[in-house]
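Here is how the chains run, residue by residue.
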Amino acid sequence: MTKKMSISTSKTSLVLLLCQIISALDVPLDLSQPPTITQQSPKDYIVDPRENIVIQCEAKGKPPPSFSWTRNGTHFDIDKDAQVTMKPNSGTLVINIMNGGKAEAYEGVYQCTARNERGAAISNNIVVRPSRSPLWTKEKLEPNHVREGDSLVLHCRPPVGLPPPIIFWMDNAFQRLPQSERVSQGLNGDLYFSNVQPEDTREDYICYARFNHTQTIQQKQPISVKVFSMDSLNDTIAANLSDTDIFGAKPVTERQPVLLTPTGSTSTKVELRGNVLLLECIAAGLPTPVIRWIKEGGELPANRTFFENFKKTLKIIDVSEADSGNYKCIARNALGSVHHVISVTVKAAPYWITAPRNLVLSPGEDGTLICRANGNPKPSISWLANGVPIAIAPEDPSRKVDGDTIIFSHVQERSSAVYQCNASNEYGYLLANAFVNVLAEPPRILTPANKLYQVIADSPALLDCAYFGSPKPEIEWFKGVKGSILRGNEYVFHDNGTLEIPVAQKNNAGTYTCVARNELGKIQNEVQLEIKDPTMIIKQPEYKVIQRYGQVSFECIIKHDSTLLPTVTWLKDNDELPDDERFLVGKDNLTIMNVTDKDDGTYTCIVNTTLDSVSASAVLTVVARPNPPFDLELTGQLERSIDLSWLPGDENNSPITSFVIEFEDALHEPGVWRYQTEVPGSQTTAQLKLSPYVNYSFRVIAVNRIGRSQPSEPSEQYLTKSASPDENPANVQGIGSEPDNLVITWEPLKGFQSNGPGLQYKVSWRQKDVDDEWTSVIVANVSKYIVSGTPTFVPYEVKVQALNDLGYAPEPSEVIGHSGEDLPMVAPGNVQVHVINSTLAKVHWDPVPLKSVRGHLQGYKVYYWKVQSLSRRSRRHVEKKILTFRGNKTFGMLPGLEPYSSYKLNVRVVNGKGEGPASPDKVFKTPEGVPSSPSFLKITNPTLDSLTLEWGSPTHPNGVLTSYTLKFQPINNTHELGPLVEIRIPANESSLILKNLNYSTRYKFYFNAQTSVGSGSQITEEAVTIMDEVQPLYPRIRNVTTAAAETYANISWEYEGPDHANFYVEYGVAGSKEDWKKEIVNGSRSFFVLKGLTPGTAYKVRVGAEGLSGFRSSEDVFETGPAMASRQVDIATQGWFIGLMCAVALLILILLIVCFIRRNKGGKYPVKEKEDAHADPEIQPMKEDDGTFGEYSDAEDHKPLKKGSRTPSDRTVKKEDSDDSLVDYGEGVNGQFNEDGSFIGQYSGKKEKEPAEGNESSEAPSPVNAMNSFV
């Protein structure tokens, strides 16, 4: 909602033009001219009798005029009255009242005369009257005793003042008495009651009269009004009259309207043209009548008609003769109507049609003075010459009077005079002075030379050429120094000499010359015209809606002529911005911080230059959450319902969408407010449902788009009567916690649901499908009851009924529960396993009898674990995996098995109590699969034409290895690959010498292993044959080895080539197409630690050197350790272990001391003697090479170390066998299958140890690794 406003320059130009037209008739003051009255007091001049009286009379003329006065038609000799003085060089009189004079002595009709040698001008008749504010005449006012429903008029009758006073009614506390359609003040000041009511009784109805001229207020004595109701009036009559007259006072009855003012059916009204017409109708009646106005035979004038005083007053402003006619007021109520016709006649004091204007003539010229006026009745016209009636004035042969016109012919200098025209009728008069000045003057231009005019493009340009001369000069305009005379429709030439260019353009700029000539001479003047670009607001402020305490900005970006300096002013509601630091006025914006409600309004940006002004407005609407409702009232109280009504608070410019009603139960939950209901925002009443035995209070919250209001003040409290409960507890359940009990639980009733005091519950139960009676017990206000001594897991019918001191709730519904469960008794039978492939098997079993479940059947659990890998034998901890199959399933899938391994499994049934016994272990084996990649591939002993390859067997052979496949091909300097050569190698080989290779050539090798199932993933490496038999200079990185942990890996390598190489390590997830990640190695180290790796993930890695021809090592693949389910506690940090070790150390110390003492005494140990005599050859002395004690040897000690624990001398790390671990699937994670057998669970954390088989060693358990779902 954006408002635009533009202050037009054309209006300013029009005003300027009119001023120029008037000033062109003025005679320059350096030339002789008759007097002209320039200022005088009003015709009806009311003065303050406490101040000096100043009667104004100012005039101009050449020579300066002298002044004289008349009072009441006779000469007023100022010199004879010491209280009266005349201002110097002026005709204004000052009558000194403050120094003892009395204003009443100077009351009268004054007229001023200004005279010089060329004539005399006179002022209006000025009627001087002092203001009067008389006191009220004292009167005895009797109290008004009025019957209820009757009409009443309290008369004011103020004293007659000058001017008339303003009337109003107040009480003793100076508070205005409230007025309405029933009670109102008339135009005459009386107070009218259409019908009185008991609340009108009071003793201080006071009428006040305010006299504005003297700033005084007069007060009438208080008027007392006593209104009697019918009951009290009958009591009064019964006390004073006989029984037969008691019923004389009838009850209040409705009455049809009767006019209190004006009286009768018709009246007349005369008003003068231009005044305000006020017509009034006030009616009595019960109910209070409504007033309506019409004009007979016509319409009430639009835009000038107003209704006041509750439509009892018709107001028409600026009346004219066309407003004459009959106006009818109609007063109506339910019983009838009454009307009154007012005949209005509009008369008119004289008003000008053509007022006489000053006339400047040269000797021998002709001219006329015209004086035309109108009025009702038509005014008479009379002429005066120099203040004397023209009939008795000195004769002038050049003058002829013709009614309202004086005709002058062949005037001479002696014809100069001042003429007065008087137009008068019974309602007033008009007096105008107009002189005839006979002069012979050459032209003169009054506009300053070279005056600069600046005009906005596309607006009118007015170039002034004010002139004077007698006879009247002719005016011509030229453009430029030698331009031709201006003519045509492009220009407008005004009588006062002004040149108007209606639509000025840039090409109109320049110099303009004005030439004035008459028979006595010629003169010219130049003026300059500049055309400026208009000022525009190119981005106006926009309508904004902002929440209270927010921030809002209005933009006002302008474009203007570069030579004009604009000023930007912001207004609020067409007034200055508040003096508040929250209002920030920027160069092209207005920002209001922390907006409040009072900031709501219209903001206007006004841009002013010296030539134009533009503006634009926008409305700011401040919205907020509504104010809280108020005046809550409870009505219609019933046992189970009540009506609530309220008044909405201010919606804060965002309509209220709904009302939320909340209640408080002071009896049960004092201070807690709960939701009752919600009604639309247009509704302010609601019928609320109630519960018995609740002490209600209500409050209402208003909601609009901005948010919720604060809650209203609480309503009064309402306590409902008690009753028996209406409802029973919800969520009744019967579930046993032990094999021999039944726990009955329910959701207790809330306080307001109890319906009365003494809330209890009747708990009943009986065994289902058995012909038993109900067993019942009544308990306090609790939420459970335990029945003991029940059979294990049998169904029961259960119900819970609420009751209080007044009775029971309705009969409750029954629910089925069960007594407590016990562990299942029977294991599933006929367990069968069908191996689907090397990693997946399907297990079947027969369901157990339902009676043996002894509880709710939840499903079956399959425990399975790897016994050993068939490709190698090793001892290990048994880690069991668990899969859960919900419901009465009899089969399931076992995913994530390791190929070529032996497994065991058993099945158990599960109920709510736990698991039953396990079925006998079932053994099954998985077939072979493809192997993993060889654990390492290294290339050594490069010669001119040969390379030696060494490799390690796969970490996971997944079967019996049948062979290895080696593929290789040369790589040229542009990294292009040559022909591929393939070699099959027996499975029992671990090295190979390749001969007949090209010297100084780089080769890339691809190496993998095979089982009978197929080929495994390959490992790659690069190597270079040497150029001659000396040490090769070609740089290379070889023997990249990895030692991986859970989240990091140690990378090491061997480098051959120039010194000071800068290495980097690149790595990524194996098999991923993502870009390699690069880590820079500090210095020239040949190892690096990769951190932040994901547990249980296969990675590829390679090492490169910066600054060398982009060479790098072959790729290596490693796998991080699985995520640990939990960190094992380091025993060395446990307090009990430290204490035990300290005790052992102390004991050893004591033994050493004892031995030392005995040795010093020369004693020998029997054991020592035996040792000396029978030395054991197997006991080895301390080794000299590594400083360790010799130990008994065992074949188990020569097994490979765990991953990352030891590095061989060739700096490679072999991937150890882990076939017998669950590193890929986690350690016994609970899992389950859907109905179709698909895997949906995870392995549990359980693990069990079984006796070692063969020569397997006891190893640390594998960490838990989450297993992906098998679909």
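Read on for an overview of the structure. Just so it is clear, the structure is predicted and the values come from calculations on it, not from any experiment.

Another point: the packing of aromatic side chains. On inspection of all chains with the given rule, the structure shows 23 aromatic pairs. With centroids separated by 5.8 Å and ring planes inclined at 80 degrees, the aromatic side chains of Phe193 and Tyr205 adopt a geometry described as edge-to-face. Taken together, the residues span a long stretch of sequence, with Phe193 in strand β17 (residues 191-193) and Tyr205 in strand β18 (residues 202-211) at a distance of twelve residues. Exposure remark for Phe193: the relative accessible area of 1% places this residue in the buried category. When its relative accessible area of 5% is taken as the criterion, Tyr205 is described as buried. Between Trp951 and Phe1007, the ring centres sit 4.7 Å apart and the planes meet at 45 degrees, which makes this aromatic pair tilted. Of this pair, Trp951 sits in strand β81 (residues 947-954) while Phe1007 sits in strand β85 (residues 1002-1011), and the two are 56 residues apart along the sequence. Among the residues examined, Trp951 registers a relative accessible area of 4% and is labelled buried. Assessed through its relative accessible area of 0%, Phe1007 is described here as buried. The ring of Phe554 has Lys544 sitting right over it, with the charged end atom 5.4 Å from the ring centre. The ring of Tyr1064 carries Lys1078 above its face, with NZ or CZ at 4.3 Å from the centroid.

Moving on to the sheet that holds strand β80 (residues 934-940). Across the sheet, which stays open at both edges, the three strands sit in the order β80-β81-β84 with antiparallel pairing between neighbours. Edge strands, defined here as strands with exactly one partner in the open sheet, are β80 and β84 (991-994). This sheet shows a mean twist of 20 degrees between the axes of neighbouring strands, independent of strand direction. As paired elements, β80 and β81 share six bridges and run antiparallel to each other. Within β81, the residue paired with Phe936 across the bridge is Gly952.

A few words on the nonpolar core. Core analysis: the biggest nonpolar cluster contains 29 residues, and Ile53, Ile55, Trp69, Ile95, Tyr110 and Val128 have the highest contact counts within it. Among the elements of the structure, β3 (44-47), β4 (53-55), β5 (57-62), β6 (66-71), β9 (93-95), β10 (108-116) and β12 (126-130) are those that each provide at least two residues to this core. In terms of residue count, the dominant contributor to this core is β10 (three residues). Discounting chain neighbours no more than four positions away, the residues touching Val128 are Tyr45, Val47, Ile53, Ile55, Tyr106, Glu107, Gly108 and Tyr110.

This next bit is on the side chain of Glu280. Here Glu280 lies in strand β23 (residues 277-280). Despite its burial, Glu280 pairs with no opposite charge; the closest candidate is Lys312, at 8.4 Å N-O. Dropping the residues within four chain positions of it, Glu280 is found in contact with Gln185, Gly186, Leu187, Thr261, Pro262, Trp293, Asn309, Lys312, Thr313 and Ile342.

This part takes up the state of the cysteines. Counting across every chain of the model gives six disulfides. Across the disulfide, Cys371 is cross-linked to Cys421 (sulfur-sulfur distance 1.6 Å). One disulfide, between Cys371 and Cys421, carries an S-S torsion of -70 degrees and so falls in the left-handed class. Remark: Cys421 occurs in strand β37 (residues 417-425) and Cys371 occurs in the loop between β31 (367-370) and β32 (372-376); sequence separation between them is 50 residues. As far as the burial class goes, Cys371 and Cys421 line up, both buried. With cysteine numbering restricted to those in disulfides and following the sequence, the protein chain has the pairing 1-2, 3-4, 5-6, 7-8, 9-10, 11-12.

Rules and cut-offs
- Residues numbered from 1 in each chain as written.
- Predicted model: local features only at pLDDT ≥ 70, side-chain atom pairs only at ≥ 80, totals over all residues.
- Heavy atoms only, no water.
- Phe/Tyr/Trp six-rings, centres within 6.5 Å; stacked < 30°, edge-to-face > 60°.
- Helix = DSSP H or I, 4+ residues; strand = E, 2+ residues; numbered from the N terminus.
- Buried < 20%, exposed > 50% of the residue type's maximum accessible area, 1.4 Å probe, protein only.
- Lys NZ or Arg CZ within 6 Å of the ring centre and 35° of its normal.
- Pairing = 2+ DSSP bridges.
- Axes fitted to C-alpha atoms, helices over the stretch in contact; angles between N-to-C directions.
- Core = buried A, V, L, I, M, F, W, Y, C linked by side-chain atoms within 4.5 Å.
- Contact = heavy atoms within 4.5 Å.
- Lys, Arg positive; Asp, Glu negative; His and termini not counted.
- Salt bridge = Lys/Arg side-chain N within 4 Å of Asp/Glu carboxyl O.
- Disulfide = S-S within 2.5 Å.

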